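# Structural characterization, general
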Amino acid sequence: MTTFQDYTLPPALKTTLSAMGFVTPTPVQEKTIPLALEGRDVLATAMTGSGKTGAFGIPIISKMLSGARGSALILTPTRELATQVGEVFSKLLGTHSPIKTALLIGGDSMEKQLQQLRLRPRILVGTPGRVNDHLQRGALMLHDANTLVLDEMDRMLDMGFEDQIMAILRYLPAMRQTMLFSATLPPQILKISEKYLKTPARVEIGTINKAADAIDQQVIYVAEDQKFSTLVNEASVRTGTMIIFVRTKHGADKLAQRLRKSRHEAEAIHGDLEQWQRERVLQAFRDKKFRILVATDIAARGLDISHIEHVVNYDLPMQPEDYIHRIGRTARAGADGEAISLLTPADQEKWQEIQKLVNPTNAKERAPRTITRERSQPAQLPRTEPAPRVSAPAPSASTAGSTPALPQDLSSILKPIEL
Ligand code: AMP
């Protein structure tokens, strides 16, 4: 098995990689790093959790440490992801590196960012809105930004960042290396890729992470007015940290409040919170100061918190693809995890769309396992027997009536949306 020590990388980078516990490259790293080191443009389908930050971070730093000039701009859809990416770069660089980084995200102190920019950082990580702000103020120059990473491009487009990204591209030199990472490749991204990437090498990594097959997916059918009591029940019969996804910011606040009233430690995170508040909530969750995080999709994308054991879809996501992103918040770094979706009759259509994405040819056959609760069954009753893992299906007698397991390699989930 190839390890990072077998790669031709600067010794300082090998040292920080082993300090980070990165021994062998993940599949997306294995494919992307050599291409990126050659200077190729890359169009990669990979999701958070696949190790994609290292896939672009390692070659960028390797080249800089080997004497390459210029700077790198990494654009991400959310502040949280930008912060995480910035942290990975800082770790890869090590504590005393002369290569400086800047984190250019909205909701954060402008003065702090201007100070970082005065130090002539060569690694610029940011969200499109704030990067544009700095460009327009003349505080940021990108004429030497010869590497561009568009991270989670599908999400950036969903969030309406296309114009902002196009505006930023005008400041970048034409002679540059561009790496585009996206979980999905809709026609809009292919068009952008044709226009802005130079004969890119394609990298296709479908799995959310190595542990994707360890996500035990369950569906609970429930009437609208039973949703909350069912949730409380599910939270009560489990230990371990939990992230609950809801549709709206207001819904997130309200649900966290109701959970607290039911004596569950819960906090909400969503796009209406100030940046410092979001960071504080996330840090407290990371430190296990409370057990349940209620989140909207926008706030939770890209979260990499290794101890999340349970993901609950209290509301189904608006975009079917977000189902895959959401469940990828658990089973991080080789751990097991569980994803529970509460489905009301009104969710039928949306659930079918998700199933189509999971497996368009025979959704039933490969749909997530279903646990059906009779309406008459008391909601407070804990499950008597743990659900069988998807990766190790129980004997057929005990699974009768349930739909078969999810495909173990989630790459097949992504295939339908590759064009
Ligand atoms: P990412 O997809 O970049 O958010 O990475 C997902 C998780 O995998 C993070 O916790 C990383 O620290 C971890 N990770 C990334 N690459 C490696 C590697 N080569 N070995 C071990 N862990 C890794």
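Above this note sits the structure.
Cut-off values and rules
Residues numbered from 1 in each chain as written. Predicted model: local features only at pLDDT ≥ 70, side-chain atom pairs only at ≥ 80, totals over all residues. Buried ≥ 20, exposed ≤ 12 C-beta atoms within 10 Å, placed from the backbone. Helix = DSSP H or I, 4+ residues; strand = E, 2+ residues; numbered from the N terminus. Pairing = 2+ DSSP bridges. Right-handed = clockwise from strand over helix to strand, strands pointing away. Axes fitted to C-alpha atoms, helices over the stretch in contact; angles between N-to-C directions. Contact = placed C-beta atoms within 7 Å. Near = placed C-beta within 6 Å. Nonpolar A, V, L, I, M, F, W, Y, C, P; charged D, E, K, R; others polar. Parallel < 35°, antiparallel > 145°, perpendicular 65-115°, else oblique. Left-handed = near helix turned anticlockwise from the far one by under 90°.

The next thing to look at is the pairing of strand β3 (residues 101-104). Where burial is concerned, the two faces of β3 agree: the one with T101 and L103 and the one with A102 and L104 are both buried. With 4 bridges connecting them, β3 and strand β4 (residues 123-126) associate as parallel partners. Residue pairing in the sheet places A102 in a bridge with L124 of β4. Following the chain from β3 across helix α5 (residues 110-118) to the adjacent parallel β4, one finds a crossover that is right-handed.

We now examine the sheet that holds β4. Where strands meet in a sheet, backbone hydrogen bonds hold them as pairs that are either parallel or antiparallel. Spatially, the 7 strands line up as an open sheet ordered β3-β4-β2-β5-β6-β1-β7, and their pairing is parallel. Edge positions in the open sheet fall to β3 and β7 (201-204), since each of these has one partner strand only. Each adjacent strand pair in this sheet contributes to an overall mean axis angle of 15 degrees, direction not counted. One ladder, built from 5 bridges, connects strand β2 (residues 71-75) with strand β5 (residues 145-150); its direction is parallel.

For the rest of this paragraph, the subject is helix α2 (residues 27-37). What α2 keeps buried is the set V28, Q29, K31, T32, I33, L35 and A36. On its buried side, α2 packs onto β1 (42-45), α3 (52-65), β6 (177-182) and β7. One or two steps after α2, the chain reaches G39, where phi turns positive at roughly 95 degrees.

Taken together, 14 residues surround the ligand, and among them F22, G51, K52, T53 and G54 come closest. The element best represented in the shell around the ligand is α3, accounting for 3 residues. Its residues assigned to classes, the shell around the ligand shows 3 nonpolar, 9 polar and 2 charged.

Contact geometry for α2 and α3: axes closest at 8 Å, N-to-C directions at 30 degrees. Classified by the angle their axes make, α2 and α3 are roughly parallel. You can see that α2 and α3 cross each other, and the crossing is right-handed. Note on element contacts: α3 touches α2 through K52, G54, A55, F56, I58, P59 and S62, opposite V28, Q29, T32, I33, A36 and L37. Considered class by class, the residues forming the contact of α2 with α3 number 8 nonpolar, 4 polar and 1 charged.

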